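Per-entry structural report
The residues making up each chain are set out below.
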Amino acid sequence: LVGQASGITVSDKEVQSAFDKNKANFTIPPTMHLRVIWVKTKAEAEEVVAKVKGGADWNALAAARNIAPSKKFVPNGDYGFRAQAELPPDIGKPAFEMKVGETKALQSKAGHHVLQVVGVKAAQPADFEKVKPGLREAVLNKKLTAALPDFVKGLREKADIQFLGPQRGKKQ
């Protein structure tokens, strides 16, 4: 309504400019397909690592050994693809130093873990065509937000507002 009444539009040039200024925000960071089993002790973590390296089934080990609070939501410890920023620093940093297929024990602030890297995806550059519709909407919303106070002020100036009660009949 505000946009229609005020004639606010967003040009392709404005959308492109917003994209260029915020390109880094649209870049998809590298991600890693990570599986994690949280265990009680360092010895147990090392035992699980040895079993995995020996060919044991990850899902069976995760079902038997994982004590993570998230176990009921992620029963096999498979967290899928995650960016480093989505992980606690004491897990994300060492995980992103690992190679695909590598399994290792790790101690974090939360306890002992077995990490396994299943796959990696390289960072993906920002794609203007993919973000263009949402970015156009964001630019429009920003313009509408800026225009709203003046729009409301104009409506109030044109309106015949009368208050009932003690100030009856007094125009505001």
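Thresholds, definitions, all that
- Residues numbered from 1 in each chain as written.
- Predicted model: local features only at pLDDT ≥ 70, side-chain atom pairs only at ≥ 80, totals over all residues.
- Heavy atoms only, no water.
- Pairing = 2+ DSSP bridges.
- Helix = DSSP H or I, 4+ residues; strand = E, 2+ residues; numbered from the N terminus.
- Axes fitted to C-alpha atoms, helices over the stretch in contact; angles between N-to-C directions.
- Phe/Tyr/Trp six-rings, centres within 6.5 Å; stacked < 30°, edge-to-face > 60°.
- Buried < 20%, exposed > 50% of the residue type's maximum accessible area, 1.4 Å probe, protein only.
- Expected span 1.5 Å × (residues − 1).
- Contact = heavy atoms within 4.5 Å.
- Polar contact = N/O pair within 3.5 Å; in protein donor to acceptor, adjacent residues only side chain to side chain.
- Salt bridge = Lys/Arg side-chain N within 4 Å of Asp/Glu carboxyl O.

Turning next to the sheet that holds strand 1 (residues 31-39). On the basis of which strands lie adjacent, the open sheet formed by four strands has the order 2-1-4-3 and antiparallel pairing. If you trace the sheet from one side to the other, it starts and ends with strand 2 (78-83) and strand 3 (103-108), each paired once. With direction set aside, neighbouring strand axes in the sheet form an average angle of 40 degrees. For strand 1 and strand 4 (residues 111-121), the ladder comprises nine bridges, and the chain directions are antiparallel. Along strand 4, the bridge assignment pairs Thr31 with Lys121.

Take the packing of aromatic side chains next. Inspection of every chain in the model, using the stated rule, returns two aromatic pairs. When the centroid spacing of 5.1 Å and the interplanar angle of 65 degrees are considered together, the rings of Phe19 and Phe128 count as edge-to-face. Of the two residues, Phe19 sits in helix 2 (residues 12-21) while Phe128 sits in helix 7 (residues 128-158), which places them 109 residues apart along the sequence. By relative accessible area, which is 3% here, Phe19 ends up buried.

For the rest of this paragraph, the subject is helix 4 (residues 42-53). Taking 1.5 Å per residue as the helical rise, helix 4 with its 12 residues ought to reach 16 Å, and the 16 Å between its terminal C-alpha atoms agrees with that figure. Contacts from the buried residues of helix 4 go to strand 1, helix 5 (58-65), strand 3 and strand 4. One or two positions beyond helix 4, positive phi appears at Gly55, with a value near 105 degrees.

Let's shift gears to the side chain of Gln116. With respect to the helices and strands, Gln116 occurs in strand 4. Judged by its relative accessible area of 10%, Gln116 is buried. At a separation of 2.4 Å, a polar atom in the side chain of Gln116 contacts the side chain of Arg35. Side chain to side chain, Gln116 and Thr103 meet in a polar contact 3.0 Å long.

Glancing now at the pattern of salt bridges. Applying the stated criterion across every chain, the model contains seven salt bridges. Lys51 is the partner of Glu47 in a salt bridge, and the nearest nitrogen-oxygen pair spans 3.5 Å. Of this pair, Glu47 and Lys51 both sit in helix 4, separated by four residues, roughly a single helical turn. The class for Glu47 is partly exposed, based on a relative accessible area of 34%. Among the salt bridges present, the one from Arg65 reaches Glu47, with a minimum N-O distance of 2.7 Å. Here the residue Arg65 occupies a position in helix 5, and Glu47 occupies one in helix 4, the gap between them amounting to 18 residues. According to the relative accessible area criterion, Arg65 is buried, its value standing at 17%. One salt-bridge network, held together by shared partners, links Glu44, Glu47, Lys51 and Arg65.

Shape descriptors only; they carry no functional weight alone.
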